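Listed below, chain by chain, are the residues.
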Amino acid sequence: RSLHTAQRLPAVAAVDAARCNQIIAALRTTIQVPTLRLNAFALRPPYGRANWEQALDLLPDEQADAFRSLGESRLASGPRTDTTFARWSMDLTGQMHRADVPIGAGTDTPIGLAIPGYSLHNELAMLVEAGLEPTDVLRSATVTPASFFGLEAEMGLVAEGMRADLILVSGNPLEDIAHLRDIRLVVSKGQVVRQFD
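Trainee: Hey, could you run me through the pattern of salt bridges in this one?
Mentor: When the charged atoms of two side chains with opposite charge come close together, those side chains can pair. The full count for this structure, using the stated rule, is six salt bridges. Note that glutamate 53 and arginine 68 form a salt bridge whose closest N and O atoms lie 3.0 Å from each other. Here glutamate 53 is found in helix α4 (residues 52-56), whereas its partner arginine 68 is found in helix α5 (residues 61-76), with 15 residues between them in sequence. Between arginine 139 and aspartate 136 there is a salt bridge; the shortest N-O distance is 3.0 Å. Here the residue arginine 139 and the residue aspartate 136 both occupy positions in helix α8 (residues 134-140), the gap between them amounting to three residues, near one helical turn. Owing to a relative accessible area of 41%, arginine 139 belongs among the partly exposed residues under this scheme.

Listed below in structure tokens is the structure:
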């Protein structure tokens, strides 16, 4: 086991709530990317999701086969019984959000069976599960990163003069973040690059 893995549970068990709150307060001036689809992997492994095979179809055959094999192996070995770190990660994300720490959406692709796009949707859903409102989750993937990189005058919003990279979806993601998966149109640099039936 890696040192990181070996130290996780002892570190969570030794958390001092007062000091944790001090650190969270100090984080308000930067962006935090909790990467819940990775840190809370034990709660929502991708190979246990109904749309896993569909996601694998988006990968090159060799990569899809490797991910499928790894997923099957993990399923055969049974579920991870200790979800302490996963639940702590979800709770800490909620704490940071409630303390007004800026949250960014990230996936650490290709680590941990991450698939571009697919894993981002999973991350956004887990951010909602951690306590963020859908509007906050949308900001975590648009406005917040643009602001962090000093690009808020160019991207992050749908407005005249901004980069015209966006998706149109059929449902309202403010009602249910899962509607982001129902993509109808992809626009890049102001041009429609893909339309779905």
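Trainee: Quick question: what am I supposed to make of empty space enclosed by the protein here?
Mentor: Summary: where empty space remains is shown by rolling a probe the size of a single water molecule over the atoms. As enumerated under the stated definition, the model contains one cavity of 30 Å³ or more in all. Computed from the structure, the largest cavity encloses a volume of approximately 40 Å³. Along its surface, the largest cavity is lined by Arg37, Arg44, Pro46, Arg49, Ser119 and Asn122. When the residues that make up the lining of the largest cavity are grouped by side-chain class, the tally is one nonpolar, two polar and three charged.

Conventions used here
Residues numbered from 1 in each chain as written. Predicted model: local features only at pLDDT ≥ 70, side-chain atom pairs only at ≥ 80, totals over all residues. Heavy atoms only, no water. Salt bridge = Lys/Arg side-chain N within 4 Å of Asp/Glu carboxyl O. Helix = DSSP H or I, 4+ residues; strand = E, 2+ residues; numbered from the N terminus. Buried < 20%, exposed > 50% of the residue type's maximum accessible area, 1.4 Å probe, protein only. 1 Å grid on protein atoms, 1.4 Å probe; cavity = no way out; pocket = protein on both sides within 12 Å on 5 of 7 lines; lining within 4 Å. Points joined across faces, edges and corners; volume = space filled by probe spheres on them. Nonpolar A, V, L, I, M, F, W, Y, C, P; charged D, E, K, R; others polar.

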